[in-house]
Amino acid sequence: MTINHFVGGKSWTGSSIRTGDVFDPATGTVAESVLLASAADVGQAVEIAAAAAKSWKDASLAKRSAVLFAFRQIMHERRAELAAVVTAQHGKVLSDAAGEVQRGLEVVEYACGIPTLIRSGFSENVSTGVDSYAIRQPLGVVAVISPFNFPAMVPLWFVPIAIAAGNAVVLKPSEKDPGAAVLMAEWFAEAGLPEGVFNVVHGDKEAVDALLDHPAIKAVSFVGSTPIARYVYQRGTANGKRVQALGGAKNHMVVLPDADLDLAADAAVNAGFGSAGERCMAISVVVAVDPIGDALVGRIAERMAGIKTGDGRRGCDMGPLVTGAHRDKVASYVAAGVEAGATAMVDGRDPVVDGEPGGFWLGPTLFDHVTPDMSIYTDEIFGPVLSVVRVPGYDDALELVNSSQYGNGTAIFTNDGGAARRFQHEVEVGMVGVNVPIPVPMAYYSFGGWKASLFGDTHAHGLEGVHFFTRGKVITSRWLDPSHGGINLGFPTQS
């Protein structure tokens, strides 16, 4: 079976005959193929979106919110179907896929409130008989380029808000697991969204570059690795586009000596190995503040022994990695950690799994006595590898976190309110958890990091998302009555 594009309200093949393989990660076999768009295909899709944007921007707020409400209802009723597609193509276990869908649904629900979210201010008599007010208008056609690790949730960070704000959207999902994007596009059509307002174009770098270069694309939202985020930002802004490019991460979890170590160990395992570590918000570094290192590492290792790795459709705890190439890359980091002298408390390179032998398996891995010069510490591994770094005190932990090139998410585990408050104030990271290992904000706040974890000034969803997909306009008006008028060439002033 070949997965087609979805353009103009229907399945669409375009002109390119190039295809890519879509694997079932739990078996290692090719399950489907996906069309890969040419630059000409992208151009045609953008033209269709541009034509649709002209009328959609004039649709009433009531009409836009009604479509979002209808889409929300369809997604709510059929979310198990969407989760199953995510598991089949990405590999994460069904419960994790269901959680991803739920978090995406929360953004849809937020976008349903667009009449309130887009409301601006009005000031009467800013000068005598003169009123001033602000409005926000859609940009036109916007592009969303989403990663493989959250094929449902990440598109839903952007698409519902962009559509609610009156834009047309061209989504380029990851070619590794494109099925979720097409299913959601079908649901939007079923919800009454006009043809061409939401389009899905599959592809590789050729499609990405075509979106970044096309003059009708006014804004680009991207999530992926830092090198590609930097590339998208530089090429997109060079072409005059508004860009929010969310990059990589190396998230630290600081554990102070007064913390509940059982809670901290549970959190480290859950945040380090959920979705096989393929999360930009995964905890990949535990910073153990003396003298609790031995006790904390022991608790983490003990909990890891109970993790069941296998096919996500069989009730396992952790599934495979998304591709064989990625599995091999992550395994090479495990080898590098051993070679560098870190202590491999748990080595996941030869796991016992509940699944087919050809699946892209790698078990949970735990390193102790990791130092900041090791590649397992410096690089974003994006797999089930957890490193423990030991430090003598709070100041050393803070310096370690703030010295990282990344600033996506971090967490601190402590029972000391003063220490927690100091940490949240001093740490140079965009999202902070206090006894919460994965501090992903709710839909009405905004998601995004600092430093090399974000290129651009605007975070995803929340009010920042609404502002990203709209532009402001301020109107100053005066309605003259017959007693006013006359010539005055002076600079206008208040009176």
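Quick caveat: nothing in here was measured; it's all calculated off a predicted structure.

**Q** Go over the overall build of the protein chain, please, and point to the residues and values.
**A** A tally of regular secondary structure across the protein chain gives 16 helices and 25 strands. A globule of 495 residues ought to have a C-alpha radius of gyration of about 23 Å, and the protein chain, at 25 Å, matches this closely. In terms of principal-axis extent, the alpha carbons of the protein chain reach across some 85 × 55 × 40 Å. For the protein chain, the proportion of its 495 residues judged to be buried stands at 56%. Taking all contacts inside the protein chain whose residues are at least 6 apart in sequence as the whole, residues at least 24 apart take part in 73%. When the accessible surface of the protein chain is totalled, it reaches about 19900 Å², and 53% of it is carbon and sulfur. Taking the average place of the 38 positive charges on the side chains of the protein chain and the average place of its 52 negative ones, the gap between the two points comes to 8 Å.

**Q** Give a description of the layout of surface pockets that names residues and reports values.
**A** Taken as a whole, the largest pocket spans an internal volume of roughly 810 Å³. Listed by contribution, the elements that provide at least two residues to the lining of the largest pocket are helix H8 (205–213), strand S11 (217–223), helix H9 (226–238) and helix H12 (324–340). With four residues, H9 is the largest single contributor of residues to the lining of the largest pocket. Residues that form the lining of the largest pocket fall into these classes: 14 nonpolar, nine polar and eight charged.

**Q** Go over the side chain of Glu106, please, and point to the residues and values.
**A** Along the chain, Glu106 turns up in helix H4 (residues 94–111). The residues touching Glu106, leaving out its near neighbours within four places in the chain, are Met442 and Ala443.

**Q** Describe the sheet that holds strand S22 (residues 431–434), with residues and values.
**A** The sheet built from seven strands is open, its strands ordered S16-S18-S19-S14-S13-S21-S22 with mixed pairing. Of all strands in the sheet, those with a lone pairing partner are strand S16 (343–346) and S22, marking the two edges. The average angle at which neighbouring strand axes cross in this sheet is 20 degrees, direction not considered. Pairing between S16 and strand S18 (residues 365–368): three bridges, direction antiparallel. Residue Ala344 lies in a different strand from S18, and its bridge partner there is Phe367. Packing against the sheet, H12 makes contact with S16, S18 and strand S19 (385–391), and its axis sits at approximately 25 degrees to S18.

**Q** Now, about the pairing of strand S12 (residues 242–246): what can you tell me, with residues and values included?
**A** The two faces of the sheet receive side chains in turn, since in a regular strand these alternate between them. Of all five residues that make up S12, four are buried, and the element is covered over most of its length. Here five bridges tie S11 to S12, and the two strands are oriented parallel to one another. Counted as the bridge partner of Val223 is Leu246 from S12. In this fold, S11 hands off to H9, which returns the chain to S12; that crossover is right-handed.

**Q** Let's hear about the pattern of salt bridges: which residues, and what values?
**A** One pass over the full model with this rule turns up 28 salt bridges. When the shortest N-O distance is used, the salt bridge between Lys92 and Glu100 registers 2.7 Å. We classify Glu100 as buried; its relative accessible area is 2%. In this structure, a network of salt bridges that share partners links the residues Asp24, Lys308, Asp311, Arg313, Arg314, Asp354 and Glu356.

**Q** Give a description of the pairing of strand S4 (residues 19–24) that names residues and reports values.
**A** Only one face of S4 is buried: it carries Gly20, Val22 and Asp24, and the other face, with Thr19, Asp21 and Phe23, is open. Taken together, the six bridges between S4 and strand S5 (residues 29–35) define a ladder with antiparallel strand orientation. Within S5, the position partnered with Asp24 by the bridge is Thr29. The antiparallel pairing of S4 with S5 creates a hairpin that spans four residues between the two strands, and Gly28 there sits at a positive phi of about 80 degrees.

Basis of the calculations
Residues numbered from 1 in each chain as written. Predicted model: local features only at pLDDT ≥ 70, side-chain atom pairs only at ≥ 80, totals over all residues. Heavy atoms only, no water. Helix = DSSP H or I, 4+ residues; strand = E, 2+ residues; numbered from the N terminus. Rg over C-alpha atoms; globule rule 2.2 N^0.38 Å. Buried < 20%, exposed > 50% of the residue type's maximum accessible area, 1.4 Å probe, protein only. Contact = heavy atoms within 4.5 Å. Areas by Shrake-Rupley, 256 points an atom, 1.4 Å probe, with all protein chains shown as cover. Lys, Arg positive; Asp, Glu negative; His and termini not counted. Charge placed at Lys NZ, Arg CZ, Asp CG, Glu CD. 1 Å grid on protein atoms, 1.4 Å probe; cavity = no way out; pocket = protein on both sides within 12 Å on 5 of 7 lines; lining within 4 Å. Points joined across faces, edges and corners; volume = space filled by probe spheres on them. Nonpolar A, V, L, I, M, F, W, Y, C, P; charged D, E, K, R; others polar. Pairing = 2+ DSSP bridges. Axes fitted to C-alpha atoms, helices over the stretch in contact; angles between N-to-C directions. Right-handed = clockwise from strand over helix to strand, strands pointing away. Salt bridge = Lys/Arg side-chain N within 4 Å of Asp/Glu carboxyl O.

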